[in-house]
Amino acid sequence: MKRIGILGSTRGTGMRAILAAIKEKKLIAEISVVISNKPDAGILALAVENHLPAQFVNSQDLDRETYDRKVSAILEQAKIDVVVLVGYMRILSAEFTNTWQQKIINVHPSLLPDFAGMMDLDVHRAVIAAGKQQTGCTVHYVTAELDAGPIILQKKCDVLPGDTPEILKARVQALEGEGLVEALRFTDHYSD
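A few points on the structure. This structure is a prediction, so every number in the text was calculated from the model and none was measured.

Attention shifts here to the layout of surface pockets. By volume, the largest pocket is sized at about 740 Å³. What lines the largest pocket is a set of 38 residues, and nearest its centre among them are Gly87, Tyr88, Met89, Asn106 and Val107. For the lining of the largest pocket, the secondary-structure elements that each account for two or more residues are α1 (13-23), β4 (82-86), β5 (104-108), α5 (120-129), β6 (134-141) and α6 (165-186). At five residues, the largest contribution of residues to the lining of the largest pocket is made by α6. Of the residues that constitute the lining of the largest pocket, the class distribution is 16 nonpolar, 15 polar and seven charged.

A few words on the environment of Arg64. Among the structural elements, Arg64 can be located in helix α3 (residues 64-77). Between the C-alpha atom of Arg64 and that of Phe96, which follows or precedes it by 32 residues, the distance is 9.5 Å. Those residues in contact with Arg64, other than ones at most four positions away along the chain, are Arg90, Ile91, Leu92 and Ser93.

The subject of this paragraph is the nonpolar core. Judged by nonpolar contacts, the single largest core of 34 residues is most densely connected at Ile4, Ile6, Met15, Ile18, Ile31 and Val84. Examining the composition of this core, we find that six residues originate from one element, α6, more than from any other. If near-sequence neighbours (up to four positions away) are discounted, Val84 is found in contact with Ile4, Gly5, Ile6, Leu7, Ile18, Ile105, Leu180 and Leu184. Membership of the second largest hydrophobic core comes to 18 residues, among which are Ile35, Ile74, Tyr88 and Val142.

Further remarks concern the state of the cysteines. A full pass over the atoms with the stated rule returns zero disulfides. Cysteine Cys137 shares no disulfide, and the gap to the nearest cysteine sulfur, in Cys157, comes to 8.2 Å. Classification of Cys157 as buried rests on a relative accessible area of 10%.

Turning our attention to α1. When we look at burial in α1, the residues that qualify are Gly14, Met15, Ile18, Leu19, Ala21 and Ile22. Along α1, the residues classed as buried sweep out an arc of 160 degrees about the axis, all on the same side. Phi turns positive one or two residues past the end of α1, at Lys25, with a value near 60 degrees.

Now for the packing of α1 against helix α2 (residues 42-49). One can describe the packing of α1 onto α2 by two numbers: an axis separation of 10 Å at closest approach and a directional angle of 20 degrees. In terms of orientation, α1 lies roughly parallel with respect to α2. For the element pair α1 and α2, the recorded crossing hand is right-handed. Of the residues in α2, those touching α1 at Met15, Arg16 and Leu19 are Ile43, Leu46 and Ala47. A breakdown of the residues in the contact of α1 with α2 according to their chemical character gives five nonpolar, no polar and one charged.

Attention shifts here to the environment of Met15. Considering the arrangement of structural elements, one finds Met15 in helix α1. Those residues in contact with Met15 that lie beyond four places of it in its chain are Ile6, Ile31, Val34, Ile43, Leu46, Ala47, Leu52 and Val86.

Evaluated as defined, the whole model comprises nine salt bridges. With a closest N to O distance of 3.2 Å, Lys26 and Glu24 form a salt bridge. Lys155 is the salt-bridge partner of Glu178, the closest N and O atoms lying 3.8 Å from each other. Within this pair, whereas Glu178 is found in helix α6, its partner Lys155 is found in strand β7 (residues 151-158), the two being separated by 23 residues in sequence. A single salt-bridge network, built from bridges that share partners, covers Lys155, Glu178 and Glu182.

Let's shift gears to the pairing of β4. The element β4 is largely enclosed, with a buried count of five among its five residues. Burial along β4 is two-sided: Val82, Val84 and Val86 facing one way and Val83 and Leu85 facing the other are all buried. Both strand β1 (residues 2-8) and β4 contribute to a ladder of five bridges, which runs parallel. Residue Gly5 lies in a different strand from β4, and its bridge partner there is Val83. Relative to β5, β4 runs parallel, the two being bridged by three bridges. Bridging from a neighbouring strand, Leu85 pairs with Asn106 of β5. Following the chain from β4 across helix α4 (residues 94-99) to the adjacent parallel β5, one finds a crossover that is right-handed.

Reading guide: rules and limits
- Residues numbered from 1 in each chain as written.
- Predicted model: local features only at pLDDT ≥ 70, side-chain atom pairs only at ≥ 80, totals over all residues.
- Heavy atoms only, no water.
- 1 Å grid on protein atoms, 1.4 Å probe; cavity = no way out; pocket = protein on both sides within 12 Å on 5 of 7 lines; lining within 4 Å.
- Points joined across faces, edges and corners; volume = space filled by probe spheres on them.
- Helix = DSSP H or I, 4+ residues; strand = E, 2+ residues; numbered from the N terminus.
- Nonpolar A, V, L, I, M, F, W, Y, C, P; charged D, E, K, R; others polar.
- Contact = heavy atoms within 4.5 Å.
- Core = buried A, V, L, I, M, F, W, Y, C linked by side-chain atoms within 4.5 Å.
- Buried < 20%, exposed > 50% of the residue type's maximum accessible area, 1.4 Å probe, protein only.
- Disulfide = S-S within 2.5 Å.
- Arc of directions from axis to C-beta.
- Axes fitted to C-alpha atoms, helices over the stretch in contact; angles between N-to-C directions.
- Parallel < 35°, antiparallel > 145°, perpendicular 65-115°, else oblique.
- Left-handed = near helix turned anticlockwise from the far one by under 90°.
- Salt bridge = Lys/Arg side-chain N within 4 Å of Asp/Glu carboxyl O.
- Pairing = 2+ DSSP bridges.
- Right-handed = clockwise from strand over helix to strand, strands pointing away.

This is the structure:
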């Protein structure tokens, strides 16, 4: 059984999809720890609600490498097989990505390489401003270069007339959860 460690800073929408897949036995895995850099992140409350180990790791006065070493130590102690970034609003250090090479996955709210380096509503605003007919999400391995790791899969949806960034975000977020679950199930690296 795969042991998943989740790093998140927001509400944890993608984690909900992973939890549902585990409960429905569509994913043979367990979430072994949830870590956030935000003490009031919804993802921590979601973890507690689901009786999962949850930890806030304070980044105040720590450089990126020192902070990431603290997080890595928690992941190692929990014997994590794969690290999943779910709305994690921090850029990982090269040391961290090298330590966990080919074991960190992220979902980006665009069809990479389009709009790499952008986050959240800024991505959806840019998609609409660029007149894109399609958008979606990309699940990829995380490397030291931001949003440039090998792509595992992409899920697509149409950009519809009248879409606002918020409407488009909701449509793409539904795909993000599906994409994370599929990536955890079907990539050779994570399959049971």
